[in-house]
Amino acid sequence: KWGDYLKEENSIIPNDEDILWINVTGLYETNKIKKLCEKFEIDQLTIEDIYHTNQRNKIEIHDNYSFIVLKLINKKEEIYTYEQFSVIYKDNLIITFNETENKNHETIKNQIEENKKKIKEKKSDYLMYAILDKIIDDYFIINNELTEKLEKIDESVNMDPDQQDLIKIKSTKQEVIYFKKNIMTLKETLMFNKDDFFKRLNKENKEYYRDLFDHVYQLYESADILNETLTNLTEIYFSAISYKMNEIMKVLTIISTIFIPLSFLAGLYGMNFKNMPELDWNFGYPLLIIIMLLIVLIMLLIFKKKKWF
Amino acid sequence: KWGDYLKEENSIIPNDEDILWINVTGLYETNKIKKLCEKFEIDQLTIEDIYHTNQRNKIEIHDNYSFIVLKLINKKEEIYTYEQFSVIYKDNLIITFNETENKNHETIKNQIEENKKKIKEKKSDYLMYAILDKIIDDYFIINNELTEKLEKIDESVNMDPDQQDLIKIKSTKQEVIYFKKNIMTLKETLMFNKDDFFKRLNKENKEYYRDLFDHVYQLYESADILNETLTNLTEIYFSAISYKMNEIMKVLTIISTIFIPLSFLAGLYGMNFKNMPELDWNFGYPLLIIIMLLIVLIMLLIFKKKKWF
Amino acid sequence: KWGDYLKEENSIIPNDEDILWINVTGLYETNKIKKLCEKFEIDQLTIEDIYHTNQRNKIEIHDNYSFIVLKLINKKEEIYTYEQFSVIYKDNLIITFNETENKNHETIKNQIEENKKKIKEKKSDYLMYAILDKIIDDYFIINNELTEKLEKIDESVNMDPDQQDLIKIKSTKQEVIYFKKNIMTLKETLMFNKDDFFKRLNKENKEYYRDLFDHVYQLYESADILNETLTNLTEIYFSAISYKMNEIMKVLTIISTIFIPLSFLAGLYGMNFKNMPELDWNFGYPLLIIIMLLIVLIMLLIFKKKKWF
Amino acid sequence: KWGDYLKEENSIIPNDEDILWINVTGLYETNKIKKLCEKFEIDQLTIEDIYHTNQRNKIEIHDNYSFIVLKLINKKEEIYTYEQFSVIYKDNLIITFNETENKNHETIKNQIEENKKKIKEKKSDYLMYAILDKIIDDYFIINNELTEKLEKIDESVNMDPDQQDLIKIKSTKQEVIYFKKNIMTLKETLMFNKDDFFKRLNKENKEYYRDLFDHVYQLYESADILNETLTNLTEIYFSAISYKMNEIMKVLTIISTIFIPLSFLAGLYGMNFKNMPELDWNFGYPLLIIIMLLIVLIMLLIFKKKKWF
Amino acid sequence: KWGDYLKEENSIIPNDEDILWINVTGLYETNKIKKLCEKFEIDQLTIEDIYHTNQRNKIEIHDNYSFIVLKLINKKEEIYTYEQFSVIYKDNLIITFNETENKNHETIKNQIEENKKKIKEKKSDYLMYAILDKIIDDYFIINNELTEKLEKIDESVNMDPDQQDLIKIKSTKQEVIYFKKNIMTLKETLMFNKDDFFKRLNKENKEYYRDLFDHVYQLYESADILNETLTNLTEIYFSAISYKMNEIMKVLTIISTIFIPLSFLAGLYGMNFKNMPELDWNFGYPLLIIIMLLIVLIMLLIFKKKKWF
């Protein structure tokens, strides 16, 4: 059984045999949330945590319920936004709170419909596992998207590094910082509260949560590799720009070094001194051309030796 | 009940039923502070810590009182200054010490006036919670201000990085270093003394402090993100300067590489050799112009191929 | 005894006296893997871990079996690919799962054939040790290959740093990131589960596993040295490029600084003013040549003093 | 009572009621140190530690005495030198060992003279506290000096970064490395031996030592801020140099880009071709001047648009 | 008593009263090593560790003996090579294994000859201490050599940074990486096995080992300072190269900025237009020279203001 409490206004009464899942979408109607929570004897501070949407990821073990706060990641026009998602788990009751409509729930509802009997057997903590697992799966998808983004930037930097790449690197880095931080706090809160949290679970479902925690650890390591790859990429961008500048300097230097002395020679014989015997020689001009060609040749040989091209 | 002890000179006698809050503003009159503290049997070293305003954040659990030292952050003309704030918590007595007038107290006083009954019920440790919570809230405000500062610098660097940005990055970094360090020591002292400190609290208020501690952890992570964002920004600044230099070099190299050879050719036919048959040709001049145009064309094609523009 | 279960389809029945090694190659036929595992009462989540090939390295201690997931490293055309390898260890039964054909097994089979008696004595955990030891040996080989790669790049950078080196540094760094991360998770899981895992082993074989764990620690330190060497190399590449640019700039500056003033002088006497007495002097031209030579000499002395060449 | 044992040769016999402070200056006369220490049953290895002056900071708790090794920081002509200082604390006996004359002792002696009675009451561990506190105070002074140094370099870098700044940054960094390392080992040894050390202290003096330890933690954090400030400063220096190079390149490029094309045009009409109709036009020269001015104008507009000045 | 077992082939029989020291030089004759070790009931894996010379530093506590693996550092033609050294300590028996002749042993033998009685009193673990202490002393010597190397490079970089310095920095960094890693693993294994190892020692010798461990910690900190100094040096090298490039650019820009406009003016009056009235003026030429001198003056003033020289 589930209900979109705030919208449908149907006051569902918990029932000892069934598993009750109440899903609240939209956290602006704080009064209704309060009323709902108070009905199930949820602590005042927990209620505040639910509608103050800047909580860190955490697991709180209260005397009569467990409280989990996570971040959902939504993607809107290539930008990731973080949205608070909280779960209250109390015996056979699960209450979930979303800021906006959560696509995952639809999938889970369908799964429940199909396997009603199996879910019932597995108790409410299996349902919570299913919800949390979907969220973690989303994280893996985003991790892969970020990895692909990096691969695209990498290719672009290798071919021709430009300012667009730099801006992309920067924005991706910012995304990775938030993503990694989010997973890190998640991992830490899991590690810290693991034992207390596991005590509340039904024995047959512990294995599922162990698997879930394992996925979070794996995520953390993937995010770490993402971060190191990005650092590697930034260094490569720097080096590539540096290398390109080097190439530009080489071209400038080769052209300047060849033509500046030649221009000087041409300028020399463009002077208007009365007494310049070379100017009157018949072979003065062809001789100078030959000398200039020799200079060019020697220069080119020197550059070749210096491996400038 | 509260009193600005040092100023109003009214010697308030603690009273078993009420909660007594004494607020001392200005730490220069050490004798009065001493007298006040000795009256409540505060340790000599604690008293010294109160008026030596370079203490680190700390929680000290003494036999008959708890002692907390924090930093308040004030903002004067865009500069953050740190000011020492200490609290002594002893049964139903709270003594707070500020270097200068503290705006937060006014707000708290008003809150107390409005909810006199509720505060009385909740005991003195709830009052202390209210005071500390205000301070932590201020930290969040500063964290947001610093984040906004970084966003402004970021925009400016993207458009056109200049030395002003560098100076702003530097000063913001220094601010972030102090801010983060301050929160770090706060977090560490909380973690270290948490258990001993909680034992002193009334059971019904423990939840508030847990929430407060949670906020400090969250602050620490925000400050960490701030720091990483700043590092990211510094790298971007470097790259942007580097990229701009690259662009300047390209312009120089394109202009030089095109005109230096042309100038050489012009110089060549400016020479005064007697025997230069080209000079006498009727189509010598137009031919040279055509050759020069061809050189320009070829150069431009090469630059195009090298993706220089 | 061993069998390639999925391929040969022979349903081997475990037998209390012998050690049974079932090796499954290819993880696509999930149904057969399921059937095999269920026969030996392997947990559902473990089975999923076996054919979902993106698990992190881990040791899981279940009530009636131990489960180890590792990565095998294969090398195809100079690229390292990671392949999941899992082992189930249950009394006298060892089941191994490979994504593709595993060369190591052949060697191990031969060793077993030769020392049948010795293996039998040493129980199944010795066989597992032999399998794992081969995998760790492969890691050492890859560590050495990566070290040699770095030495080659190092030589190339010292002689003449070019963009090829940069691309090689980048790709090697990416390989080292994955390699190190892999070993790190391996080391961590070993450290974490060491005690529980050792309890299951036969006393006479514990020493072998201690040796194996020691090798993993050693690997981790080697990978760390690899990483630091690479960082060192990247810095050297940057400096070498920087130094080379410096050299190029010096050449440009020397040529420009010498010839630009000379060209100016030549241009000066190429002017067509009516009243330029120097032009009419008999020794005007040779005098200018001498002055120019003096300028060159002085310039060269200045450069010498500045240690530009 | 105190005595400069090695110099004055007076063999002071400890006396149960008084506190005896023996101060040894100069560690070259190892025999006398040995004799003195053996008299008080000091361990052979401790004695060696006293006159081998390259010990790390440490606290050793022996059966019948405590042994502390610290570094004193002396400043000679702007250079900080580290000198070993060791204390043996045994019941009512304090022996201190200095490499050279220690200015702090004089101040402490005067304090003792003035408060003879108070010190006597407070036992020998208060005296040791007074000695150690003076040393830690010196550390704070050096910390402030280093901070001021950095502020001076910072100002200089902002105005005009030159090589002098770089050399100053380098030497200050080296000083900070040693300073921070020294405080770090001090902090670590305090943390590690805190509990054992406190057991030996008289209850009424524990608070003083807690305060002392607090100062060391505070020092460590100050040294850390110092280090981060220095890193910030180094980055700023790099950026400032980079920015300045950028400015230089801009000037070069603006001048070159404007005049190289103009020079080419001038060179073009300096050619001696017979058939150059433009040369014979009456308005050829003024027309060219106008064209040149137009080129300059367009160039300047382009640079303006590129925000080059 | 000691013997060079492998070479002299004398089969020494341990004797309960004396301390027996067997030193094996050269690890190629694995059979003899095996035979020797088996005689003293050394574990098979320990024996393999002895002649596989790529072990990490470790202390192993076995039931009837302790096993220590260290690296000796040899210096051959300015290159440090690491050589495996292992010790087996079993009651009154010490067996040491070296890859090559170990100079330290000679010194220790002489010390033993001189103080036979003292050694005998102090048991076999004092002898082992003497051997290990010599090795750690060698480490300090190498640490000092590396520090001196860095000081030499530092001086050279300050005077005139060139590519030789870069190559020296790189190779020294590689040496420091290995050196520090070696000491780090040594420190870690000591920390980890300290308690178990100390249990085996005779009470009167524990103090010596505590001193030895202290030296290793000190070494680790020295190696860390070495590393940070090197990082500092690398940064200085980069900055120095950067600064030098800046200086070169300045020279180029000053020369170009002064002469390019002058050359343009000269080129302008070198044009052959019929109608150029300036050319016919009597004071045209001196006027131009004056204008040119004014331009140079103004340029120099601008550069002065920009602090370019």
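Residues numbered from 1 in each chain as written. Chains lettered and ligands numbered in written order. Predicted model: local features only at pLDDT ≥ 70, side-chain atom pairs only at ≥ 80, totals over all residues. Heavy atoms only, no water.

> Sorry, what's going on with the overall build of chain A here?
Helix and strand counts for chain A stand at nine helices and six strands. Relative to a compact globule of 309 residues, whose C-alpha radius of gyration would be 19 Å, chain A shows 35 Å and is clearly more extended. Over its C-alpha atoms, taken along the principal directions, chain A stretches across nearly 120 × 35 × 35 Å. Within the span of chain A, comprising 309 residues, buried residues form 59% of the whole. Taking all contacts inside chain A whose residues are at least 6 apart in sequence as the whole, residues at least 24 apart take part in 62%. In the form shown here, chain A has an accessible surface area of approximately 14300 Å², with 54% of it arising from carbon and sulfur atoms. Each charge sign in chain A was given a centre, from 42 positive and 51 negative side chains, and these centres are 3 Å apart. (Helix = DSSP H or I, 4+ residues; strand = E, 2+ residues; numbered from the N terminus. Rg over C-alpha atoms; globule rule 2.2 N^0.38 Å. Buried < 20%, exposed > 50% of the residue type's maximum accessible area, 1.4 Å probe, protein only. Contact = heavy atoms within 4.5 Å. Areas by Shrake-Rupley, 256 points an atom, 1.4 Å probe, with all protein chains shown as cover. Lys, Arg positive; Asp, Glu negative; His and termini not counted. Charge placed at Lys NZ, Arg CZ, Asp CG, Glu CD.)

> Where do I start with the relation of the copies chain C and chain A in this structure?
Overlaying chain C with chain A gives an RMSD of 0.1 Å, the required rotation being 72 degrees about an axis along which the chain moves by 0.0 Å. These values place the two chain copies in the arrangement generated by a five-fold rotation axis. Taking C-alpha positions as reference, the residue of chain C nearest the rotation axis is C:Gly270, located at 4.6 Å. Different-surface contact between copies: only 19% of interface residues of chain C are shared with the interface of chain A. (Least-squares fit on C-alpha atoms with pLDDT ≥ 70 in both.)

> In this structure, what is going on with the domain arrangement of chain A? I would like to understand it.
How big an interface is tends to be reported as the loss of accessible area on association of its parts. In terms of domain boundaries, chain A breaks down into domain 1 (2-241) and domain 2 (246-305). Centre-to-centre separation of domain 1 of chain A and domain 2 of chain A, based on C-alpha positions: 72 Å. (Domains from an automatic or database assignment.)

> Please clarify how the arrangement of the chains should be interpreted in this entry.
Left apart from each other, chain A and chain E have a closest C-alpha approach of 9 Å. Where chain B comes nearest to chain E, the C-alpha atoms are still 9 Å apart, and the two do not contact one another.

> Just to check I follow, could you spell out the interface of chain B and chain A for this structure?
Contact residues are listed per partner, giving 47 residues for chain B and 53 residues for chain A. Here chain B meets chain A over a buried area of about 4700 Å², counting both sides, of which 64% is carbon and sulfur. Per-residue buried area on chain B facing chain A is highest for B:Tyr243, B:Phe264 and B:Phe273; these three make up 14% of the total on that side. For the salt bridge of A:Lys173 with B:Glu235, the shortest nitrogen-to-oxygen distance reads 3.1 Å. For the side of chain B that touches chain A, the elements supplying multiple residues, two or more each, are α5 (116-159), α7 (206-268) and α8 (277-280) of chain B. With 32 residues, the top contributor of residues to the side of chain B that touches chain A is α7(B). Residues belonging to the side of chain B that touches chain A are distributed by class as follows: 20 nonpolar, 14 polar and 13 charged. (Buried area = accessible area lost by both parts, 1.4 Å probe. Salt bridge = Lys/Arg side-chain N within 4 Å of Asp/Glu carboxyl O. Nonpolar A, V, L, I, M, F, W, Y, C, P; charged D, E, K, R; others polar.)

> Would you mind going over empty space enclosed by the protein with me for this structure?
Leftover empty space is mapped by rolling, across the atoms, a probe with the size of a water molecule. All names here are of chain B. According to the stated counting rule, one finds 19 cavities of 30 Å³ or more in the structure shown. As a volume, the largest cavity reaches approximately 120 Å³. Around the largest cavity, the lining comprises 15 residues; the ones closest to its centre are Leu70, Leu132, Leu186, Leu190 and Leu212. Of the residues contributing to the lining of the largest cavity, the split by class is 13 nonpolar, one polar and one charged. (1 Å grid on protein atoms, 1.4 Å probe; cavity = no way out; pocket = protein on both sides within 12 Å on 5 of 7 lines; lining within 4 Å. Points joined across faces, edges and corners; volume = space filled by probe spheres on them.)

> Where do I start with the packing of α7(B) against helix α9 (residues 284-305) of chain B in this structure?
Working note: a packed helix pair is described by the angle between its axes plus the distance between those axes. All names here are of chain B. One can describe the packing of α7 onto α9 by two numbers: an axis separation of 10 Å at closest approach and a directional angle of 160 degrees. With respect to each other, α7 and α9 are oriented roughly antiparallel. The interaxial crossing formed by α7 with α9 has right-handed handedness. Where α7 abuts α9, its residues Ile254, Thr257, Ile258, Pro261, Leu262, Leu265 and Ala266 lie against Leu288, Met292, Ile295, Val296, Met299, Leu300 and Phe303. In terms of residue class, the contact of α7 with α9 is built from 13 nonpolar, one polar and no charged. (Axes fitted to C-alpha atoms, helices over the stretch in contact; angles between N-to-C directions. Parallel < 35°, antiparallel > 145°, perpendicular 65-115°, else oblique. Left-handed = near helix turned anticlockwise from the far one by under 90°.)

> Teacher, can you tell me more about the interface of chain C and chain A here?
Contact with chain C, which involves 53 residues of that partner, is made by 47 residues of chain A. Around 4700 Å² of area is buried between chain C and chain A when both sides are counted, 64% of it from carbon and sulfur atoms. Across the chain C-chain A interface, the total number found is seven salt bridges. Residue A:Glu221 is joined to C:Arg56 by a salt bridge in which the shortest nitrogen-to-oxygen separation is 3.2 Å. Applying the counting rule to chain C against chain A returns 16 residue pairs in polar contact (both at pLDDT 80 or more). Contributions of two or more residues to the side of chain C that touches chain A are made by α3 (44-51), β3 (58-61), α6 (163-200), α7 (206-268), α8 (277-280) and α9 (284-305) of chain C. Element by element, the count of residues in the side of chain C that touches chain A is highest for α7(C), at 17 residues. In terms of residue class, the side of chain C that touches chain A is made up of 26 nonpolar, 13 polar and 14 charged. (Polar contact = N/O pair within 3.5 Å; in protein donor to acceptor, adjacent residues only side chain to side chain.)

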